[in-house]
Amino acid sequence: MIDWPHYASEEGFVAGLAGPLGWYYLGVAALNLGAMWYALRRRRSRLEAVVWALMGMAFAGLGGLAMSGHPLVLPEWLKDACDRALGPVTFTLGAMAGLVIFYLGRRVLVQPLVSWTALNVSLLLMGASMTDPDFARTVSRPDNVPIVGMVYLLAFFTWLGTAQAVRNDERLRRGQGPVEAGFTDKVLVWPDVVYIELIGAIVATVVLVVWSLLIPAPLEEPANPAVTPNPSKAPWYFLGLQEMLLYFDPAVAGVVLPALIILGLMAIPYLDPNPRGSGYYTVDQRRFGWAVFLFGFLGLWILLILIGTFMRGPNWSFFGPYEPRDPHKIAAATNIKLCEYFWAVWLGRGVPRVPPESGGLQKLGIILWREIAGLTLTCAYFVVLPAVLARTALRRMRQAMGRARYWLMILLLLMMLMLPLKMILNWTAHLSYIVSIPEYSFNL
Amino acid sequence: MRRADRRPVAGAQGRRGPSRRGLLRITFSWLLWLGFAALGAVAGLWAAATARFLFPNALKEPPQRFKVGFPADYPPAHVESRFKDEHGVWVVHGTYRGQAQIYALSSVCTHLGCITIWQEEQKRFKCPCHGSAFYMDGINYEGPAPRPLERYAIRIADDGQLEVDKSRTYQEELGQWHDPDSYVPT
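So, how was this worked out
- Residues numbered from 1 in each chain as written.
- Chains lettered and ligands numbered in written order.
- Predicted model: local features only at pLDDT ≥ 70, side-chain atom pairs only at ≥ 80, totals over all residues.
- Heavy atoms only, no water.
- Salt bridge = Lys/Arg side-chain N within 4 Å of Asp/Glu carboxyl O.
- Helix = DSSP H or I, 4+ residues; strand = E, 2+ residues; numbered from the N terminus.
- Core = buried A, V, L, I, M, F, W, Y, C linked by side-chain atoms within 4.5 Å.
- Buried < 20%, exposed > 50% of the residue type's maximum accessible area, 1.4 Å probe, protein only.
- Domains from an automatic or database assignment.
- Contact = heavy atoms within 4.5 Å.
- Polar contact = N/O pair within 3.5 Å; in protein donor to acceptor, adjacent residues only side chain to side chain.
- Patch = residues over 30% accessible without salt bridge, like charges linked within 9 Å, V, L, I, M, F, W, Y side chains within 5 Å.
- Areas by Shrake-Rupley, 256 points an atom, 1.4 Å probe, with all protein chains shown as cover.
- Pairing = 2+ DSSP bridges.
- Disulfide = S-S within 2.5 Å.
- Buried area = accessible area lost by both parts, 1.4 Å probe.
- Nonpolar A, V, L, I, M, F, W, Y, C, P; charged D, E, K, R; others polar.
- Axes fitted to C-alpha atoms, helices over the stretch in contact; angles between N-to-C directions.
- Parallel < 35°, antiparallel > 145°, perpendicular 65-115°, else oblique.
- Arc of directions from axis to C-beta.
- Left-handed = near helix turned anticlockwise from the far one by under 90°.

What about the pattern of salt bridges?
Pairing between side chains becomes possible if they bear opposite charge and their charged atoms approach one another.
(1) Moving on: Applying the stated criterion across every chain, the model contains 25 salt bridges over all chains.
(2) Moving on: Here Lys79 of chain A ties to Glu76 of chain A by a salt bridge, and the two come within 3.5 Å at their closest N and O atoms. A residue pair is termed a helical-turn pair when its members lie 3 or 4 positions apart in one helix, as Lys79 of chain A and Glu76 of chain A do in helix H3 (residues 76-85) at three residues.
(3) Moving on: For Arg141 of chain A, the salt bridge identified is with Asp143 of chain A, shortest N-O distance 3.1 Å.
(4) Moving on: Each member of the salt-bridge network shares a partner with another, and the members are Arg65, Arg155, Glu163, Asp165, Arg168 and Asp181 of chain B.

So, in structure tokens, the structure goes:
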């Protein structure tokens, strides 16, 4: 079991962490030595080998410093700046901007010189941040350790797929076929594949056993129906859903949207009119599909899991990466419905009230009149906007797909887009519901 | 073995067959009955175990109606947490639409049913699951909860004590908080 040194004082914490951090930096240095060997032997690139050797030496130096009791520590002003800057809005918009940059600059970013440097920088930041007790406690919670691993795994696989796509796109531009077209040698399922699967299963089992010995499962006290732990977090794979529940009615976020996610994924083969890119990695030939995947998977699902894992704390408030998890942190999160904005703020009149004695049609009429702004906006977003797009920006797509497929695709896409839009509106303008009819348990 | 060799053997057995075959049939039918009986017994036991499973081993439900003390025990602007653990009820002496009243609020968040926490410093009921918060009067103002906390029926019993009745609830968004059964004016 990993025993984290006393959190009580920051100096004692850093001193206790010096040894493990030293080994961590030496491990990263060894990783860079391996990269240098790979660059020399396989890639035959002197430049890369020199750069990796320099970085490895730098990490070895950091490891020596840490072991002698002086690990690299982030300055307080930098941590404070990070805490202040990394709110939900900047995190979400920053992640979206990062995806756009990754999309546009993919040819440069997948080059080993860039991507391996990025890995080194992230490992350096990770090591330096571990000297902060609050960061270390968040990252090393048994629930959160796999999410840290997931971040690196996802980065690796995104890089792997994109690097192969970039290589293929260059070949296709030169008129050559994709690399995968040259894969003609076939191997037998037994024993070739089955052996690999067997070894994979054994390795995975060993990793799980060692992991569960090092970091015991986080068991809490027996359940008490009168007390809900604060914060109460879902398992990591449901944290995205839990985050969605903050911005939509439970019926929408818990039933409609998950069902639409599954149905939408099932519908992709029937909606996709692009016959190219089958059997090989490519981005240029499947720009739309790739962008939607990056946005929907990394930009929504994974982003929400990261927010739920690392940013949410007691009372479900937002916390910066180096901020103490104070259960008494005050965060102004007063909710305002769109109807209140529309009637009270913009028109300067009272929100129409439903008289208690009214019933039936009269009640429904008053409710619809009260929600007129939200209903109009929803209609504009889901009906007018797709129709306009079909005649302007997406005209070629509309013609290629036909009416039914286009509408199905655009409605699913708008549903996806609705999530970050509502999240940002909630964070910036405290907007809770666009259409809110609690009388009939309907909220959008 | 060729077919020609096999035929006489089959014939030889056939001559002595009937008695042995009859014995076999009797044994087989015995086994069949035994098997079905065992199957029936197992199915019966299984059904009984399933039926037993439907009835809990222990059932301790606090009474739906309970006394919570005299109105004079409740100073103004006070949230009483004593009855939360057993009954899931906050008894509050607060105000609703300018009127001072004592009312019993359910501690279950109206979003997805987590148990709220009373935070004295912030004067709010806070839900630890999705961050919904409610004022002292139970009105939602923060987070995703779509409607206020529910009230239980409360009245002054014959002995002068307040009595909460959890079998009846009152929802603000349905205009039910004007019902005189949902509060005790002070």
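Describing the nonpolar core
Residue and element names in this part refer to chain A.
(1) Moving on: Residues Tyr247, Phe248, Tyr406, Met409 and Leu419 are the most contacted members of the largest nonpolar core, which totals 43 residues.
(2) Moving on: Secondary-structure elements contributing two or more residues to this core are helix H10 (239-244), helix H11 (250-271), helix H12 (287-311), helix H13 (338-346), helix H15 (372-391) and helix H17 (403-429).
(3) Moving on: A per-element tally of this core places H17 first, with nine residues.
(4) Moving on: Mapping this core onto the domain boundaries places at least three of its residues in each of domain 2 (77-181 + 190-217 + 234-244 + 280-326) and domain 3 (338-443).
(5) Moving on: When neighbours within four sequence positions are excluded, Tyr247 is seen to be in contact with Arg312, Phe318, Lys422, Met423, Asn426, Trp427, Ser432 and Tyr433.
(6) Moving on: Among the nonpolar cores identified, the runner-up in size contains 35 residues, and Leu17, Ala66, Ala136 and Val139 belong to it.

Describing the environment of Tyr433 of chain A
(1) Moving on: Here Tyr433 of chain A lies in the loop between H17 and strand E1 (436-437).
(2) Moving on: Using a relative accessible area of 3% as the deciding quantity, one classes Tyr433 of chain A as buried.
(3) Moving on: Once the C-alpha coordinates of Tyr433 of chain A and Thr392 of chain A are considered, the two residues, 41 residues apart in sequence, prove to be 30 Å apart.
(4) Moving on: Every residue in contact with Tyr433 of chain A, bar those within four places of it in the chain, is listed here: Tyr247, Phe248, Asp249, Lys337, Leu338, Lys422, Asn443 and Leu444 of chain A together with Pro144 and Pro146 of chain B.
(5) Moving on: Here Pro144 of chain B takes part through its backbone oxygen, which lies 2.7 Å from a polar atom of the side chain of Tyr433 of chain A.

Details of a nonpolar patch on the surface
(1) Moving on: Together, Val187, Val189, Trp190, Val193, Tyr195, Ile199, Val203, Val207, Leu208 and Trp211 of chain A line one region of the surface with nonpolar side chains, adding up to about 1,000 Å² of accessible area.
(2) Moving on: As for its placement among the helices and strands, Ile199 of chain A is situated in helix H9 (residues 189-214).

Section: the side chain of Asp134 of chain A
Residues and elements named next belong to chain A.
(1) Moving on: Assignment of secondary structure puts Asp134 in helix H7 (residues 133-140).
(2) Moving on: Assessed through its relative accessible area of 15%, Asp134 is described here as buried.
(3) Moving on: Beyond its immediate sequence surroundings of up to four residues, Asp134 is in contact with Pro321, Tyr322, Glu323, Pro324 and Arg325.

Thoughts on the domain arrangement of chain A
(1) Moving on: You can read the domains of chain A as domain 1 (1-72), domain 2 (77-181 + 190-217 + 234-244 + 280-326) and domain 3 (338-443).
(2) Moving on: Computed over C-alpha atoms, the centres of domain 1 of chain A and domain 3 of chain A are 53 Å apart.

So, the pairing of strand E4 (residues 99-106) of chain B
Moving residue by residue along a regular strand, the side chains alternate between the two faces of the sheet.
Residues and elements named next belong to chain B.
(1) Moving on: Of all eight residues in E4, six are buried, a share of seventy percent or more.
(2) Moving on: Hairpin remark: strand E3 (residues 89-96) followed by E4, antiparallel, with two residues in the connecting loop; positive phi at Arg97, about 50 degrees.
(3) Moving on: Sheet topology places E4 next to strand E11 (residues 184-185); two bridges connect them, and they run antiparallel. Its bridge partner being in E11, Gln101 is matched across the sheet by Pro185.

Points about the state of the cysteines
All names here are of chain B.
(1) Moving on: Applying the stated criterion across every chain, the model contains one disulfide over all chains.
(2) Moving on: Note on cysteine connectivity: Cys114 is disulfide-linked to Cys129, with sulfurs 2.0 Å apart. Its torsion about the S-S bond being -90 degrees, the disulfide of Cys114 and Cys129 is classed as left-handed. Taken together, the residues span a long stretch of sequence, with Cys114 in the loop between E4 and strand E5 (117-119) and Cys129 in the loop between strand E6 (124-126) and strand E7 (133-134) at a distance of 15 residues.

Re the interface of chain A and chain B
(1) Moving on: Taken together, the contact between chain A and chain B spans 29 residues of the former and 24 residues of the latter.
(2) Moving on: Roughly 2,100 Å² is buried in total at the junction of chain A and chain B, and carbon and sulfur atoms are behind 52% of that figure.
(3) Moving on: Looking at the side of chain A facing chain B, the largest losses of area belong to Ala226, Thr228 and Asn315 of chain A, adding up to 23% of the total buried there.
(4) Moving on: Linking chain A to chain B there are zero salt bridges.
(5) Moving on: In terms of residue class, the side of chain A that touches chain B is built from 16 nonpolar, nine polar and four charged.

Structural notes on the packing of helix H6 (residues 112-129) of chain A against helix H8 (residues 145-173) of chain A
Residue and element names in this part refer to chain A.
(1) Moving on: Between H6 and H8, whose axes approach to 12 Å, the crossing angle comes to 170 degrees. One way to sum up the angle between H6 and H8 is to call them roughly antiparallel. Touching Ser115, Leu119, Ser122, Leu123 and Met126 of H6 are Val148, Tyr152 and Trp159, all from H8.
(2) Moving on: Here the contact of H6 with H8 is built from residues that sort into six nonpolar, two polar and no charged.

Notes on the sheet that holds E6 of chain B
All names here are of chain B.
(1) Moving on: Pairing in this open sheet of four strands is antiparallel, and the strands run E5-E6-E7-E8 from one edge to the other. Since the sheet does not close on itself, it has two edges, and those belong to E5 and strand E8 (140-142), each with one partner.
(2) Moving on: In this structure, E6 lies alongside E7, joined through two bridges in antiparallel fashion. When the bridges of E7 are listed, Lys126 appears paired with Ala133.

Some details on helix H14 (residues 360-370) of chain A
(1) Moving on: For H14 of chain A, the complete set of buried residues consists of Lys363, Ile366, Ile367 and Arg370 of chain A. Each buried residue of H14 of chain A sits inside an arc of 100 degrees when the element is viewed along its axis, so together they form one side.

Structural notes on the packing of H8 of chain A against H12 of chain A
All names here are of chain A.
(1) Moving on: Orientation of H8 relative to H12, taken along the N-to-C sense of each, is 165 degrees, at an axis distance of 11 Å. In terms of orientation, H8 lies roughly antiparallel with respect to H12. Seen along the crossing, H8 lies across H12 with a hand that is left-handed. Contacts between H8 and H12 involve Ile147, Val148, Met150, Val151, Leu154, Thr158 and Thr162 from the former and Trp290, Leu294, Phe297, Leu298, Ile302, Ile305, Leu306, Thr309 and Phe310 from the latter.

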